[in-house]
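So you can see what is in the structure, the chains are spelled out below.
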Amino acid sequence: MTDDGQIAADFDQAVNMTAAELERWLGTQESRSVGDKAGGGESTGHASGRRIVEILRKKKGDLTEDDHAHMRKVTGYVHRHLAQRPSGDVRETAWRYSLMNWGHDPLK
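Here the structure is a predicted model, which means the values were calculated and not measured.

**Q** Would you take a moment to explain the pattern of salt bridges for this structure?
**A** Two side chains that carry opposite charge are able to pair once their charged atoms sit near each other. Applying the stated criterion across every chain yields a total of eight salt bridges. One salt bridge in this structure joins Asp 67 and Arg 51, with 2.7 Å as the shortest N-O distance. With Asp 67 in helix 5 (residues 65-82) and Arg 51 in helix 4 (residues 44-57), the pair connects residues that are 16 residues apart, well separated along the chain. Beyond isolated ion pairs, a larger network of salt bridges with shared partners links Arg 51, Lys 58 and Asp 67.

**Q** Can you walk me through the nonpolar core in this structure?
**A** Nonpolar side chains in soluble globular proteins tend to be buried together. Membership of the largest hydrophobic core comes to 25 residues, with the highest contact counts inside it found for Phe 11, Leu 22, Trp 25, Ile 52, Met 71, Val 74 and Val 78. Listed by contribution, the elements that provide at least two residues to this core are helix 1 (3-14), helix 2 (19-26), helix 4, helix 5 and helix 6 (94-101). Apart from the residues within four sequence positions on either side, Trp 25 is in contact with Met 17, Glu 30, Ser 31, Tyr 97, Met 100 and Asn 101.

**Q** Is there a simple way to explain helix 4 in this structure?
**A** Three or four residues apart is the spacing at which side chains of an α-helix point the same way, because the helix has 3.6 residues per turn. Here helix 4 spans 20 Å end to end across 14 residues, near enough to the 20 Å set by a 1.5 Å rise per residue. Turning to helix 4, its buried residues number three or more, namely Gly 45, His 46, Ser 48, Gly 49, Ile 52, Val 53 and Ile 55. An end-on view of helix 4 places all buried positions within 165° of arc, on one side of the element. Residues of helix 4 that are buried make contact with helix 1, helix 2, helix 3 (29-32), helix 5 and helix 6.

**Q** What am I meant to see in helix 5 here?
**A** For helix 5, built from 18 residues, the straight-helix expectation of 26 Å at 1.5 Å per residue is met to within 8% by its first-to-last C-alpha distance of 26 Å. Those residues of helix 5 that sit buried are Asp 67, His 68, His 70, Met 71, Val 74, Thr 75, Tyr 77, Val 78 and His 81. Buried residues in helix 5 make contact with helix 1, helix 4 and helix 6. Capping the start of helix 5, Thr 64 holds a side-chain oxygen 3.3 Å from the backbone nitrogen of Asp 66, two or three residues further along.

**Q** Teacher, can you tell me more about the packing of helix 2 against helix 4 here?
**A** Packed helices, taken two at a time, are described by the angle between their axes plus the distance between the axes. At a closest axis distance of 9 Å, the pairing of helix 2 and helix 4 adopts a crossing angle of 155°. Classified by the angle between their axes, helix 2 and helix 4 sit roughly antiparallel to one another. Every pair of crossing elements has a handedness; the one defined by helix 2 and helix 4 is left-handed. For the pair helix 2 and helix 4, contact is made by Ala 19, Ala 20, Leu 22, Glu 23 and Leu 26 and by His 46, Gly 49, Arg 50, Ile 52, Val 53, Leu 56 and Arg 57, respectively. Taken together, the residues of the contact of helix 2 with helix 4 sort by class into seven nonpolar, two polar and three charged.

Each value, and the rule that gives it
Residues numbered from 1 in each chain as written. Predicted model: local features only at pLDDT ≥ 70, side-chain atom pairs only at ≥ 80, totals over all residues. Heavy atoms only, no water. Salt bridge = Lys/Arg side-chain N within 4 Å of Asp/Glu carboxyl O. Helix = DSSP H or I, 4+ residues; strand = E, 2+ residues; numbered from the N terminus. Core = buried A, V, L, I, M, F, W, Y, C linked by side-chain atoms within 4.5 Å. Buried < 20%, exposed > 50% of the residue type's maximum accessible area, 1.4 Å probe, protein only. Contact = heavy atoms within 4.5 Å. Expected span 1.5 Å × (residues − 1). Arc of directions from axis to C-beta. Polar contact = N/O pair within 3.5 Å; in protein donor to acceptor, adjacent residues only side chain to side chain. Axes fitted to C-alpha atoms, helices over the stretch in contact; angles between N-to-C directions. Parallel < 35°, antiparallel > 145°, perpendicular 65-115°, else oblique. Left-handed = near helix turned anticlockwise from the far one by under 90°. Nonpolar A, V, L, I, M, F, W, Y, C, P; charged D, E, K, R; others polar.

Following this line, the structure appears as structure tokens:
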């Protein structure tokens with residue numbers, strides 16, 4: 001498998017929300033309530049989610065080097081964040097909301 005192919009496979013495994021699901025989620029107050037906000041604007045995860053929606057809607061052959069770099073970043077974030085799962089019910093936690101901004105719903 002090519003490097004880009006491996007990046008795409010890892011991304012497809014990490015991102016378990018469809019473009020439509022993620023776009024709907026990004027429109028919620030819960031989505032906007034979490035994450036690091038540089039200068040009080042949009043959080044890093046929320047901006048990443050919008051980028052992920054764009055990537056999910058592209059044909060594999062149309063993905064750019066920048067897309068692949070972001071896909072690598074997303075995969076790394078999802079794996080690191082999953083390792084920090086809090087105990088108990090995570091349904092309405094900032095931990096889950098942050099992951100969902102990055103395209104991964106841990107309850108799926």
